Amino acid sequence: MGPTSTDRPLFVEDVITAITGGMGGVPVRSLRTSMERAAVEFDERTAEAFARALFSELSQNPQDLRGLESLIILGLAHPRILARHGISLETEARRLAVVLERSGQSERAQQMLEMLAASLPQGTKDAEATLEEDSSVAERVATIEALLRDADKCIHRGRRREAVKHLQAILRLDRDRFDVARMIRDLRREDQSRRERRMTVAKIVLSMSIVGFLGYTLVLREQHVRERWDALPQALAGNLVSQQSRLEGVETLLADEHVWFGMLTALRERDQLRGQIVRSQDEAARAARAAVLQKKERMQDAEDVRVRAMMSVKNGRFEDALVDLRKSLELGGEHWDQRGRVLADIGAIEAWKAKKP
């Protein structure tokens, strides 16, 4: 806080060094030691000169902590100097104690208040009130230091919520501790960041679990579909019944499972089976039509030969008639409607021939 030694005039820096015994803004003596030394080594005239240099410096840099501390030490050693200049030693000492406390030098602030209490006049109400107030300030400083230590322990142990509670208690005692407010803000930000990281990790784990479950379910389903596919009846080439049975199984599988990895293969085979069945049915129909037509042609040939046999009988060519009648039986087959008649004609001709040599 305040300017450094390079910002002050050389004489002022020498004065501060002579009073506090420190260099570069770091005091090496305790306040009490510095005060006792200033009371012994500096006479009234030297103390007055030092005070004037410090007044000049503090008028330009009122936040110079070491300068203010040097002035209070000088005032405690030679109280009449500050009184001649209308400066309240008590007021300035209390202000310095507050500044020291806020800068984290609580022990030095408490020492300052104890020295101030010892230097005040005894037996007056103002002195008693001052001592009581100093005791209260010292107690508050001690409480704050204890709370800071507790908060630090909680932070190291990872108990951030408890640490925040201790820090909030400090703010209730001293609302101007901006460093404590900043610590609370940083802790809450860290907690928020940790919560966000945990949420992110949880989302990643959940997503991976879902993906893994879906993958496992998909593998099981594919195995089930593959087993059903392998169990389908095989289609034999040229066997219409086996082809129809295979087609029914493929279509049922497609209707039940809808989508799986081997679906395209099933769709292609379904289309192939449909084409094969249609071709087989067409061939069977053509064969049936050809068979019907062939049968009609045979029946017609059989009838023509029978008619020719009857003409041969009329002309007395019985041998030729028998040959044609037997041939018509062969062409007409077992189910020919003229078969009985032809057999009767053959029997009649053979009986007639038997009677006539």
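Residues numbered from 1 in each chain as written. Predicted model: local features only at pLDDT ≥ 70, side-chain atom pairs only at ≥ 80, totals over all residues. Heavy atoms only, no water.

Novice: Any chance you could break down the overall build of the protein chain for me, citing the residues and the numbers?
Specialist: Check the secondary structure of the protein chain and you find 14 helices and zero strands. When the helices and strands of the protein chain are placed in sequence order, the string is α-α-α-α-α-α-α-α-α-α-α-α-α-α. Looking at the protein chain as a whole, 34% of its 357 residues qualify as buried. Considering only intrachain contacts with a sequence separation of at least 6, the fraction spanning at least 24 residues in the protein chain is 58%. In the form shown here, the protein chain has an accessible surface area of approximately 22,400 Å², with 55% of it arising from carbon and sulfur atoms. (Helix = DSSP H or I, 4+ residues; strand = E, 2+ residues; numbered from the N terminus. Buried < 20%, exposed > 50% of the residue type's maximum accessible area, 1.4 Å probe, protein only. Contact = heavy atoms within 4.5 Å. Areas by Shrake-Rupley, 256 points an atom, 1.4 Å probe, with all protein chains shown as cover.)

Novice: Describe a positive patch on the surface, and please don't skip the residues or the numbers.
Specialist: Together, Arg161, Lys165, Arg194, Arg195, Arg197 and Arg198 line one region of the surface with positive charge. At the level of elements, helix H9 (160–173) and helix H10 (178–230) are the ones that each hand at least two residues to the positive patch. Among the elements that make up the positive patch, the one with the highest residue count is H10 (four residues). With respect to the element layout, Lys165 can be found in helix H9. (Patch = residues over 30% accessible without salt bridge, like charges linked within 9 Å, V, L, I, M, F, W, Y side chains within 5 Å. Salt bridge = Lys/Arg side-chain N within 4 Å of Asp/Glu carboxyl O. Lys, Arg positive; Asp, Glu negative; His and termini not counted. Charge placed at Lys NZ, Arg CZ, Asp CG, Glu CD.)

Novice: Describe in detail the pattern of salt bridges, supporting the description with residues and values.
Specialist: Using the criterion set out here, one finds 19 salt bridges in the structure. A salt bridge links Arg160 to Glu190, with the nearest nitrogen and oxygen atoms 2.3 Å apart. Residue Arg160 is found in helix H9, and its partner Glu190 is found in helix H10; the two are separated by 30 residues along the sequence. For Arg160, a relative accessible area of 17% translates into the label buried. Looking at Glu190, the relative accessible area reads 36%, which means it is partly exposed. Overlapping salt bridges bring together Arg221, Arg228, Asp256 and Glu257 as one network.

Novice: Describe helix H7 (residues 106–119), naming the residues involved and giving the relevant values.
Specialist: For the α-helix, the turn length of 3.6 residues means that residues three or four positions removed from each other point alike. Between its terminal C-alpha atoms H7 stretches 20 Å, which fits the 20 Å expected from 14 residues at 1.5 Å a residue. Of the positions making up H7, those classed as buried are Ser106, Arg108, Ala109, Met112, Leu113, Met115, Leu116 and Ala117. (Expected span 1.5 Å × (residues − 1).)

Novice: I'd like to hear about the packing of aromatic side chains, residue by residue, with values.
Specialist: One pass over the structure, following the stated rule, counts two aromatic pairs. Between Phe42 and Phe50, the aromatic rings sit 5.1 Å apart at their centres with planes inclined by 80 degrees, giving edge-to-face as the arrangement. Residue Phe42 is classed as buried on the basis of its relative accessible area of 9%. Taken together, a centroid distance of 4.3 Å and an interplanar angle of 40 degrees make the contact between Phe318 and Trp352 tilted. Separated by 34 residues along the polypeptide, Phe318 in helix H13 (residues 318–332) and Trp352 in helix H14 (residues 339–355) bring together distant segments of the chain. According to the relative accessible area criterion, Phe318 is partly exposed, its value standing at 22%. Between the NZ or CZ atom of Arg246 and the centre of the ring of Trp229, over which it lies, the distance is 5.1 Å. (Phe/Tyr/Trp six-rings, centres within 6.5 Å; stacked < 30°, edge-to-face > 60°. Lys NZ or Arg CZ within 6 Å of the ring centre and 35° of its normal.)

So, to be careful, I would describe these as geometric facts and stop short of saying anything about function.
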